[in-house]
Amino acid sequence: MEQYKKDFIDFMVQSQVLKFGSFTLKSGRQSPFFMNAGGYVTGSQLSKLGEYYAKAIHENFGDDFDVLFGPAYKGIPLSVATVIAYSKLYGKEIRYCSNRKEAKDHGADKGLLLGSDIKDGDRVVIIEDVTTSGKSIEETYPIVASQGKVKIVGEIVSLNRMEKALDSDKSALDIITEKYGFPAIAIVTMKEVVEHLSGSVITDELKKEIDAYYAKWGAK
């Protein structure tokens, strides 16, 4: 496992974004772990988060893209932090773009988009915190695709929970790749989290709970 992935896992735990215990998910599933990217609230946290995303994007998608699109609301700070980090780490200016929940009908920046416009020929990477069901992309994809003749290079999230989507035995990221034809990847997977934290944060008892969860809800 790459060092930045190990560092990112430690960072999630230290920031109390990745927690272990007993959590009821929106799906109704009872999970022994939970991730909430809303826990990144300080300047140093957002700076580091942007760097981890930038490193993962560079490793998986390279430099051949123009716009980083972060869906409202959590995607807005993610996209901003990451384009700043990308500029510092790799010397390339990537534009950030997000959507408004309601289109603005006045001013020079009226419309649905916040930040940069998306225009014909743009290559776009979509950035989110985490996806369990894959439903969010059903709103995001039409927004990006409707902006013109654009190419969606891929989607990146923080954590691949590696569990079944609500109506499939496949994971949400696999469904997105299959349905939309672009790679959907994560900075780290729960398999990597368990591998890195076993024997420390993840005790033998907690490991059994996680294994039992995946025996029931793990993606095929």
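Report follows, based on the coordinates. Just so it is clear, the structure is predicted and the values come from calculations on it, not from any experiment. (Residues numbered from 1 in each chain as written. Predicted model: local features only at pLDDT ≥ 70, side-chain atom pairs only at ≥ 80, totals over all residues. Heavy atoms only, no water.)

What follows concerns the packing of helix H4 (residues 136–145) against helix H5 (residues 172–180). It is at 11 Å that the axes of H4 and H5 come closest, and there the two elements cross at 35°. Handedness of the crossing formed by H4 with H5: right-handed. Of H5, the residues touching H4 (which contributes Ile137, Glu138 and Tyr141) are Ile176, Lys179 and Tyr180. Looking at side-chain class alone, the contact of H4 with H5 contains 4 nonpolar, no polar and 2 charged residues. (Axes fitted to C-alpha atoms, helices over the stretch in contact; angles between N-to-C directions. Helix = DSSP H or I, 4+ residues; strand = E, 2+ residues; numbered from the N terminus. Left-handed = near helix turned anticlockwise from the far one by under 90°. Contact = heavy atoms within 4.5 Å. Nonpolar A, V, L, I, M, F, W, Y, C, P; charged D, E, K, R; others polar.)

This brings us to the pairing of strand S2 (residues 30–35). Where strand S1 (residues 18–24) meets S2, 5 bridges bridge the pair, whose relative direction is antiparallel. By the bridge assignment for S2, Leu18 is matched with Met35. Between S1 and S2, which pair antiparallel and follow one another directly, the connecting turn spans 5 residues, one of which, Gly28, has a positive phi of 95°. (Pairing = 2+ DSSP bridges.)

Among all positions in H5, only Ala172, Leu173, Ile176 and Tyr180 are buried. The buried residues of H5 occupy an angular sector of 100° when the element is viewed end-on, so they sit on one face. Buried residues along H5 sit against H4, strand S7 (151–160) and strand S8 (184–189). Positioned one or two residues after H5, Gly181 has a phi angle of 85°, which is positive. (Buried < 20%, exposed > 50% of the residue type's maximum accessible area, 1.4 Å probe, protein only. Arc of directions from axis to C-beta.)

The geometry of a pair of packed helices is captured by two quantities: the angle between their axes and the separation between those axes. At a minimum axis separation of 7 Å, helix H2 (residues 43–61) and helix H3 (residues 75–90) run at an interaxial angle of 70°. As far as their axial angle goes, H3 and H2 are roughly perpendicular. As for the relative orientation of H2 and H3, their crossing is right-handed in sense. Listed contacts from H3 to Leu46, Leu49, Gly50, Glu51, Tyr53, Ala54, Lys55, Ile57 and His58 of H2 are Leu78, Ala81, Thr82, Ala85, Tyr86, Leu89 and Tyr90. Split by residue class, the contact of H2 with H3 holds 11 nonpolar, 3 polar and 2 charged. (Parallel < 35°, antiparallel > 145°, perpendicular 65-115°, else oblique.)

So, about the environment of Phe69. Mapping Phe69 onto the fold places it in strand S3 (residues 67–69). A relative accessible area of 0% means that Phe69 is categorised as buried. Sequence-wise, Phe69 and Glu128 are 59 residues apart; in three dimensions their C-alpha atoms are separated by 8.8 Å. When residues no more than four places from it in sequence are discounted, the contact partners of Phe69 are Cys97, Ser98, Asn99, Leu113, Ile118, Val124, Val125, Ile126, Ile127, Thr140, Ile143 and Val144.

Attention now goes to the packing of aromatic side chains. In this structure the tally under the stated criterion is 13 aromatic pairs. When the ring of Phe33 is compared with that of Tyr214, the centres are 6.1 Å apart and the planes differ by 15°; the resulting orientation is stacked. Highlighted residues: Phe33 in strand S2 and Tyr214 in helix H7 (residues 204–217), separated in sequence by 181 residues. The residues Phe33 and Tyr214 share a single accessibility class, namely buried. Ring centres 6.4 Å apart and planes at 20° place the aromatic pair Tyr141 and Phe182 in the stacked group. Here the residue Tyr141 occupies a position in helix H4, and Phe182 occupies one in the loop between H5 and S8, the gap between them amounting to 41 residues. Taking the relative accessible area as the measure of exposure, Phe182 reaches 4% and is therefore buried. (Phe/Tyr/Trp six-rings, centres within 6.5 Å; stacked < 30°, edge-to-face > 60°.)

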